[in-house]
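So you can see what is in the structure, the chains are spelled out below.
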Amino acid sequence: MNSVLQNDLNDLENILNQTKQHGLSFLNNLENIPTSNKNRIDPTRVLNELGLGSLAALEEFKERLAPLMVASPGPRYLGFVTGGSTPASIAGDWLASVYDQNTQAIKTQGGVSALIEFETINLLLQLLNLPESFSGGFVTGATMSNFTCLGVARQWFGAQSGKDFAKNGISETINILTATPHSSSIKTIAMLGIGSNNYTTIKTIEGNREAIDIADLEKNIQHLNGKPFILISSAGTVNTADFDDFEAISKLKEKYKFWWHIDAAFGGFAAVSEKFKHLTDGWEGADSITIDCHKWLNVPYESAFYLIKKEHINHQVDTFQNSNAPYLGNALENFNYLNVLPENSRRLRALPVWFSLVAYGKEGYQDIVENSAALALHFANALIEDDNFELLAPIRLNNVCFTLKGDHNQENVSQFLTELNDRGKVFMTPTFYEGRKGIRASFVNWRTTENDVKIIVKELKETISDLDL
Ligand SMILES: *Cc1c(COP(=O)(O)O)cnc(C)c1O
């Protein structure tokens, strides 16, 4: 064994303890660590001939890299839609690395990791009140979940005219209807060879809504003259957390032949709350659903899952079968994740989610969701009371979409947001909604409190006065 590796092995306990101490100092200091950082590293570092060992690497990390890290798991990071990591999820994530299992087959030795993934999906179905007619698996994010679901939808579409697109390539125009797709769904249809231009935009409901207009949807369906199509619908749009009417879509499903996909990356968690679950009524009728865990479930990044109806398993295997490895046997008898989703070798990605669900239960997640929604409302009310701001959309769940008041201020929105973020106490992301530049604050982090909202409002006011707006 190389001597540096040998030293590291002998010193393992010390290395892990020091790493833990450093991690704790970050987590315990999150409140004070800036939410943005403009300093950069020179990334041209030369690879050393002789390794430095873990402790020296940790020292260099502390000195050179750690100071540039931002408080993205902290309570006032409201950009995109990102949660933080809970204690249980960090424990699960660590152990996923420590145990370093390859999560593929159930029947092989070491198949417990695949069974843990099964169990975790089952726990998630219970959390979200979804039926066991769905099977699921873990991927790195909602983008890859959309890719997985729409990949199977593509295969289903071909099968409607007896074609096998996975084997022979796409030989038909695939009809896709959608109203307010997330950008990642469009990226996904590019990656799937369908083409990012090749979808039909359905109208949204009039009056500041992003949800699909069912009448216009049906009109477009009728234009297809009985041809199959794929519907991409939304449970929680990023700007205004709007939901399509899933009961109405379920009724259309009785009349027309289509694959129904729901992007519920964060909005799916509405289902855990008595208060908000009506937003998801009817979603169990979908063929596939995308849900992110690194958003409202508050686990570390690279965690999302897909749900696809079990009745489509053949299309799913046709899409993802790793057929170059015949020793793997019949995919259905010998269930193996590498035959039903994009990756082959995978870490024990379910473990952080398993830890979190076991640790916090239904009630823990109901509280996180309802707390986030209450804080979004609280923040929105503060904006309404302040003469400098206006809401661009009502608060439906957890996202606050707002701007500087008045059209004359449109030119100041970017500068305002840059200045606000540079102050480092809160982080929000820019958006464009109904023809206007806006700002989006998304409440998903389990740590956020009313006191944080106070700090955020103070930051907004000070930024306004600093800029003399
Ligand atoms: C965040 C988000 C995505 C993309 O998720 P990633 O985890 O970044 O891949 C897709 N759809 C919706 C609705 C989202 O909010």
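Residues numbered from 1 in each chain as written. Predicted model: local features only at pLDDT ≥ 70, side-chain atom pairs only at ≥ 80, totals over all residues. Heavy atoms only, no water.

Just so we agree on the cut-off: UniProt positions are given in the numbering used here, feature names are shortened, and annotations may be inferred rather than shown by experiment.
The name given to the protein chain in an unreviewed UniProt entry is Aspartate aminotransferase family protein, with the source organism recorded as Flavobacterium araucananum. Quoted verbatim from the Cofactor (unreviewed entry) field of UniProt, the annotation for the protein chain is "pyridoxal 5'-phosphate".

### Looking at a negative patch on the surface
Condition: Patch criteria: residues need more than 30% relative accessible area and no salt bridge. Like-charged residues are merged within 9 Å; nonpolar side chains of Val, Leu, Ile, Met, Phe, Trp and Tyr are merged within 5 Å. Areas reported here follow the Shrake-Rupley algorithm with a probe of radius 1.4 Å; residue values treat only the protein chains shown as occluding. For this analysis, a salt bridge means a side-chain nitrogen from Lys or Arg found within 4 Å of a carboxyl oxygen belonging to Asp or Glu. In this charge count, Lys and Arg are treated as positive and Asp and Glu as negative; neither His nor the chain ends contribute. Taken as the charge location is NZ of Lys, CZ of Arg, CG of Asp or CD of Glu. Each residue is assigned to one of three classes by its accessible area relative to the maximum for its type, calculated with a 1.4 Å probe on protein chains only: buried under 20%, partly exposed between the two thresholds, exposed over 50%.
Together, D245, E247, D281 and E284 line one region of the surface with negative charge. With relative accessibility at 36%, the residue D281 sits in the partly exposed group.

### Section: the pairing of strand β4 (residues 229-234)
Each regular strand carries side chains that alternate between the two faces of the sheet. Basically, it comes down to this: Only runs of H or I of at least four residues qualify as helices and only runs of E of at least two qualify as strands under DSSP, and these elements are numbered from the N terminus. Pairing between strands is defined by DSSP: at least two bridges between the two strands are required. Think of it like this: strands point away, you trace from the first strand over the helix to the second, and a clockwise trace means the crossover is right-handed.
Burial runs high along β4: six of the six residues are buried. Of the two faces of β4, both are covered, the one formed by F229, L231 and S233 as well as the one formed by I230, I232 and S234. With three bridges connecting them, strand β2 (residues 176-178) and β4 associate as parallel partners. For T178, the partnering residue across the bridge sits in β4 and is I232. Sheet analysis places β4 next to strand β5 (residues 258-263), joined by six bridges and oriented parallel. Looking at β5, one finds that I232 is bridged to H261. With respect to chirality, the unit in which β4 leads through helix α10 (residues 246-255) into the neighbouring parallel β5 is right-handed.

### So, the pattern of salt bridges
Across all of its chains, the model carries 26 salt bridges by this definition. Close ionic contact of E31 with R76 constitutes a salt bridge, the shortest N to O distance being 3.4 Å. Of this pair, E31 sits in the loop between α2 (12-28) and α3 (54-65) while R76 sits in the loop between α3 and α4 (87-99), and the two are 45 residues apart along the sequence. You can call E31 partly exposed: its relative accessible area is 45%. Judged by relative accessible area, which is 6%, R76 ranks as buried. For E218, the salt bridge is made with K255, and the minimal N-O distance between the two is 2.7 Å. Pair noted here: E218 is in helix α9 (residues 214-223) and K255 is in helix α10, with a separation of 37 residues, a long-range link. Note on E218: relative accessible area 18%, which makes it buried.

### Digging into the state of the cysteines
Put simply, the rule reads: Disulfides are defined as pairs of cysteine sulfur atoms found within 2.5 Å of each other.
In the structure shown here, the tally under the stated rule is zero disulfides. C149 carries a free sulfur, and the closest cysteine sulfur to it, the one in C293, is 13 Å from it. Classification of C149 by relative accessible area gives buried; the value is 0%.

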